[in-house]
Each structure stands twice: as C-alpha cells, then as structure tokens.
Amino acid sequence: MPNSIPTPSPQVSLGALRDMLRERNPLAAIGAFHRGHGDIFQINLPTFKPIVMIGPTANRFVLVESKDSLLWRPEGDPVAQLLRHGILVEDGERHDELRRLMSPALHKKRLGAYVETMVARTDQICDTWVEGQPLDMLVEMRKVALLILLDTLFNMDFTPELERLWKPVLRLLQFISPGIWILWKNAPRPGYAAPRKLMDEYLYGVIRERRTMQTDIDDLLGILLNANMDDDLIRDQLLTMIVAGHDTCTTLLAWALYILGKHPEIVQGIQYEVDSVLGDTPPNADNIEHLTYVGQVIDETLRLFPPLPMGMRSVAQDTEFNGCPVPHGKRVMYSMYHTHRDEKLWPDPLKFDPERFAPGQSHDYYHYIPFGGGKRMCIGAAYALVETKVVLARLFQKFEFTLIKDRVHAHLAVTMEPRPGVMMAVRKRSNYG
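The rules behind these values
Residues numbered from 1 in each chain as written. Predicted model: local features only at pLDDT ≥ 70, side-chain atom pairs only at ≥ 80, totals over all residues. Heavy atoms only, no water. Helix = DSSP H or I, 4+ residues; strand = E, 2+ residues; numbered from the N terminus. Rg over C-alpha atoms; globule rule 2.2 N^0.38 Å. Buried < 20%, exposed > 50% of the residue type's maximum accessible area, 1.4 Å probe, protein only. Areas by Shrake-Rupley, 256 points an atom, 1.4 Å probe, with all protein chains shown as cover. Lys, Arg positive; Asp, Glu negative; His and termini not counted. Charge placed at Lys NZ, Arg CZ, Asp CG, Glu CD. Salt bridge = Lys/Arg side-chain N within 4 Å of Asp/Glu carboxyl O. Pairing = 2+ DSSP bridges. Disulfide = S-S within 2.5 Å. Core = buried A, V, L, I, M, F, W, Y, C linked by side-chain atoms within 4.5 Å. Contact = heavy atoms within 4.5 Å. Patch = residues over 30% accessible without salt bridge, like charges linked within 9 Å, V, L, I, M, F, W, Y side chains within 5 Å. Axes fitted to C-alpha atoms, helices over the stretch in contact; angles between N-to-C directions. Parallel < 35°, antiparallel > 145°, perpendicular 65-115°, else oblique. Left-handed = near helix turned anticlockwise from the far one by under 90°. Nonpolar A, V, L, I, M, F, W, Y, C, P; charged D, E, K, R; others polar. Expected span 1.5 Å × (residues − 1). Bend = angle between axes of the 7 residues up to and from the residue. Phe/Tyr/Trp six-rings, centres within 6.5 Å; stacked < 30°, edge-to-face > 60°. Lys NZ or Arg CZ within 6 Å of the ring centre and 35° of its normal.

Visitor: Can you tell me about the overall build of the protein chain, naming the residues and giving the values?
Guide: Counting secondary structure elements, the protein chain contains 16 helices and 12 strands. Expected size for 433 residues packed as a compact globule is a radius of gyration near 22 Å; at 22 Å, the protein chain falls within 12% of this value. Sorting the 433 residues of the protein chain into buried and exposed places 55% on the buried side. Surface exposure of the protein chain reaches about 19600 Å², of which carbon and sulfur atoms provide 53%. If the 49 positive side-chain charges of the protein chain are averaged to one point and the 53 negative ones to another, these points end up 5 Å apart.

In structure tokens:
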C-alpha cells in the first residue's frame, strides 16, 4: 500500500511561521517542515500544494531518475511568459537541441579567452569607486556581471545602456521573482509592460544590427544567428542569458564578499594566495588555475548560499518517491539549500569552512548541487565559476574591504539575494601597483 505524504501539523506549522518571521525568509519554514516531517512532505496552502523533497535521494530522483516525468516549463507562470522559449524554460528535445547549439560558447575550452575581458570590466567598475565611500556590493557586482556577460557572450559594450536599462532589468527580475502570483495566478501586476518593451526593443535592435554587419563573430550571438533562428527565438535566448546568467554571478559574488567581510582570517588566506600567484599581474587563463583557495571559498559560498536555493518541476506522468505517490499534475520542489545545510551530510553545517573543499576532499554528487545536475545542469556553471574566481581575485588583488552592516537576510528573488544589500567600505591595498 502506498505511503501517504504528510502535511505539516499545526504544531510544526506554528514553529515554521515563527522561524520564517524571525529569519524573514520562507526557506526557514521549509527547514522547520523538514525537521518535523522528514524528507518528503506537502505544503498545504489554499492554492499552492507542492510536494517538497529534500536530500541526496530526492536530488537524484528529480534530476536523473524521473527527469522524463518531471517537466521544467511552468506554463502560465511569469517566467515562461517573459522568457517564452528560452533554454531555461524548455523541455525534452527542444531543450536538448538548444543546449547542443549554445554549449560551445560556454564550454571550458572557451572560458580562458574571456578572462581578459572579465578583468577589464571589473576594473571599469572599480575605477568609479571613491575610497572610503560606502558601496552596496550587490549593486556593484550586478554592474560587473552585466558588463562581462554582454561583452563575452554577445561582443557588446553595455556601458552606454547601463543607466538607461538598469531599472528595466531590475523590474523584469522582479516580475519573475516569487510573489503573490504563486498563490493567485491572475493577480493584477501592473508596471511591467514598459520595462519589457524597452528590453525587447534593445535586444531586437542588437539582433538586427548584427545581421546587417555580415560578419562571422564566433560568440553566442553569432552561433544563434548562424543556426538560422528567427529573431523571436534569438531574443528568447539572449534575454534568458541576461536574466539568469548575470543574476547568478551577481548574487554569488555579493554573498562571497559578505561572508568574507565577516571572516578576516579567510581574507588573509585569499590575499596571500593572490599575492603569491598573481603578484601585480592581472588574472589570466593560466594563473587562475593556481588560485586553489579562492576556488574553495567560492565552493563553500555556493554550499551555504546557492543562487537558486530550490527547484520546481511539474509532474507530467504518475510516479512515486520513497513509496509515496507523486501524481500527474502536481508540482514538485526539491531543495539544494536544505541539502547543503543538512547536519547528517555536513559536520557543523552552518559554519563557513572553505577547507571542506580543499584538495583531496570529496563529496557525493547529490550532496552538493549548487547548479543542479543531470542533463539540465546549469549550462553556464563553468562560466560562472571562472567569472567569480577572476572577479574575486582581481578585487582582493587591488582592494581591502570592510563590512559596514553585518546584518542581512536571504531574500528569494530570481536568485537568493542578500538584502538589504552588502554595504562595504573599500580602500586600495598599499602593496598593489
């Protein structure tokens, strides 16, 4: 006889509400449900009743074992409305075809060619900083990530558009962030048409301009054009990469700077490695391979603060998990955030400890999935890791950072952001240059 999926009891629900209010984050409620009811339970809100699965077995089930029964595309959700047929919201052969087409531009073999641009765009933003002036690193890293992504993948200088399109980009991120639409599908959501129109005009203009250039630039935009896609489908891929691609790196860098601001002893380790490996030489394709400790810091940041803390799927055909029925039409959620913080898998899980990822350490694949896994693993995972390493190395090569406000909370937007921001004072290092 199939097992029934528990729904949170009144006592557990009350504790979850207290945790959520204290931490200002619904992930705290999911954690309370997990502690109270185990690795599978069902949220029981009036119009939102997803089945939640947590842990390595759940990750393997969603990402590999039942990948054909669990679909990504959220028909009717704002994310599908905005991205239309972008790679992120496609399933099956359509997704696989787009992935095969786009992967060469994001392959590890290509990433070394992007490093010089990543350094230049980081320096461009850093050159605007006034020493000692408080800066929100969530904002500053978003500027860096946008400029890097547009330059490396589309061969475009976004600088002239940064001020004009800054608010439209943020509004579109807000449009697809978790909100009232999850509970009320048809909730009025005014104020998004104009930002979307501005971004579409910009992207279609970029596509038309490249078509008229009659050049064979071997970047992601060139690959899409050479595949004889129509402008609408190219627009969908460009917007998907802009929205998902830059925001992942933005939040990863912001969280890394926040956590390093609280751990000066780890900063010393980074600065020692950067000074030893780089000296006064900017990061390049060869020397970043030797920034081992910087990589460990990034990996540990991803463990505690994965940019996408939970994933969601739609059940396309009846299946089961741990003896529990998972019927067609249900939504399934799985949580990398809670897996990464499970004390059964990670000793002292809330401690920030880059030594977990020191050379020689190994972790079960499904214990650590900051970029998902299986055939739908984030197409830009390797790109994001290289970009983050390059930017962090360059920042700590040139500057010292002091955290001004050490209280932030995790906010569920498109990615998990540190709010209200990461306020830091910046000072040039005396031994640089």
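Visitor: Please provide a residue-by-residue account of the pattern of salt bridges, values included.
Guide: Proximity of charged atoms lets side chains of opposite charge pair with each other. Summed over all chains, the structure comprises 30 salt bridges. Note that Arg73 and Glu90 form a salt bridge whose closest N and O atoms lie 2.9 Å from each other. You can see Arg73 sitting in the loop between strand E3 (70-71) and helix H4 (78-83) and its partner Glu90 sitting in the loop between H4 and helix H5 (92-106), a full 17 residues away along the chain. By relative accessible area, which is 15% here, Arg73 ends up buried. Residue Glu90 is classed as buried on the basis of its relative accessible area of 3%. For Arg142, the salt bridge identified is with Glu417, shortest N-O distance 3.2 Å. Of this pair, Arg142 sits in helix H8 (residues 137-154) while Glu417 sits in strand E11 (residues 416-419); the two residues are 275 residues apart in sequence, bridging distant segments of the chain.

Visitor: Please set out the pairing of strand E8 (residues 331-335) residue by residue, giving values where relevant.
Guide: Of all 5 residues in E8, 4 are buried, a share of seventy percent or more. Alignment of strand E2 (residues 51-54) against E8, held across 4 bridges, turns out to be parallel. Note on E8: the bridge partner recorded for Ile51 is Val332. Sheet analysis places strand E5 (residues 310-315) next to E8, joined by 5 bridges and oriented antiparallel. If you follow Met310 over to E8, its bridge partner there is Ser335.

Visitor: Account for the state of the cysteines, naming residues and giving values.
Guide: Summed over the entire model, instances satisfying the criterion amount to 0 disulfides. Of all cysteine sulfurs, the one in Cys378 lies closest to Cys249, which takes part in no disulfide; the gap is 8.6 Å. Taking relative accessible area as the criterion, Cys249 reaches 1% and is therefore assigned buried. For Cys378, a relative accessible area of 32% gives the class partly exposed.

Visitor: Before we move on, could you go through unusual backbone geometry and cite the residues and values that matter?
Guide: Cis geometry marks the peptide bond from Arg419 to Pro420, where omega comes out at 5°. In this structure, Asn228 takes a positive phi of about 60° despite not being glycine. As for its placement among the helices and strands, Asn228 is situated in the loop between helix H11 (220-226) and helix H12 (231-261). Of the residues examined, Asn228 reaches a relative accessible area of 71% and is grouped as exposed. Even without glycine at this site, Asp348 takes up a positive phi of about 45°. Tracing the sequence through the fold places Asp348 in the loop between helix H15 (336-340) and helix H16 (381-398).

Visitor: Please provide a residue-by-residue account of the nonpolar core, values included.
Guide: Formed by 125 residues in total, the largest nonpolar core has its most connected members in Trp129, Met137, Met141, Leu153, Phe154, Tyr383 and Phe401. Ranked by the residues each element gives to this core, the list is headed by H12, at 16 residues. Not counting chain neighbours up to four residues away, the residues in contact with Met141 comprise Trp129, Thr250, Leu253, Ala254, Leu257, Val391 and Leu395. By size, the runner-up hydrophobic cluster in this structure holds 17 residues, among which are Ile51, Val62, Leu63 and Leu70.

Visitor: A description of a nonpolar patch on the surface should follow, citing residues and the corresponding values.
Guide: On the surface, a nonpolar cluster with roughly 380 Å² of combined accessible area is contributed by Leu45, Ile180, Leu183 and Trp184. With respect to the secondary-structure elements, Leu45 resides in the loop between strand E1 (40-42) and E2. Residue Leu45 is classed as partly exposed on the basis of its relative accessible area, which comes to 36%.

Visitor: Please give an account of the sheet that holds strand E12 (residues 423-428) that cites residues and values.
Guide: Taken in spatial order, the 3 strands line up as E4-E12-E9 in an open sheet, and their pairing is antiparallel. The sheet is open, and its two borders are formed by strand E4 (135-136) and strand E9 (399-403), each paired with just one other strand. Looking at chain direction, E4 and E12 are connected through 2 bridges and run antiparallel. Following the sheet pairing, Leu135 is matched in E12 by Met424.

Visitor: Residue-level account of the packing of helix H14 (residues 292-304) against H16, with values.
Guide: The N-to-C vectors of H14 and H16 enclose an angle of 120°; their axes lie 10 Å apart at closest approach. With respect to H16, the element H14 is oriented oblique. When the axes of H14 and H16 are compared, the crossing they make is right-handed. Contacts between H14 and H16 involve Val294, Gly295, Ile298, Asp299 and Leu302 from the first element and Leu385, Thr388, Lys389 and Leu392 from the second. The class makeup of the residues in the contact of H14 with H16 is 5 nonpolar, 2 polar and 2 charged.

Visitor: Go over helix H9 (residues 159-175) with me, naming the residues and quoting the values.
Guide: Over its 17 residues, H9 extends 24 Å from the first C-alpha to the last, a length consistent with the 24 Å expected when each residue adds 1.5 Å. At Leu165, H9 is deflected by roughly 60°, the largest bend along its length, and proline Pro168 occurs up to four residues later in sequence. If you check which residues of H9 are buried, you get Glu161, Leu162, Leu165, Trp166, Pro168, Val169, Leu172, Leu173 and Phe175.

Visitor: I'd like a rundown of the packing of aromatic side chains, residues and numbers included.
Guide: Tallying each qualifying case throughout the model produces 15 aromatic pairs. Seen from their ring centres, Phe175 and Tyr192 are 4.9 Å apart, and the 55° between their planes marks the pair as tilted. Linking Phe175 in helix H9 with Tyr192 in the loop between H9 and helix H10 (193-213), this pair joins segments that are 17 residues apart in sequence. Assessed through its relative accessible area of 10%, Phe175 is described here as buried. Relative to Phe357, the ring of Trp346 has its centre 6.2 Å away and its plane inclined at 40°; by these criteria the two rings are tilted. Of this pair, Trp346 sits in the loop between H15 and H16 while Phe357 sits in the loop between H15 and H16, and the two are 11 residues apart along the sequence. Taken as a pair, Trp346 and Phe357 share a single burial class, namely buried. An aromatic cluster is built from Trp129, Phe396, Phe399 and Phe401, whose rings are joined through pairwise contacts. One Lys or Arg, Arg171, reaches over the ring of Tyr192 and ends 4.2 Å from the middle of that ring. It is Arg303 that lies over the ring of Trp346; its NZ or CZ is 5.3 Å from the centre.

Remember, this is a structural readout, not a statement about activity or role.
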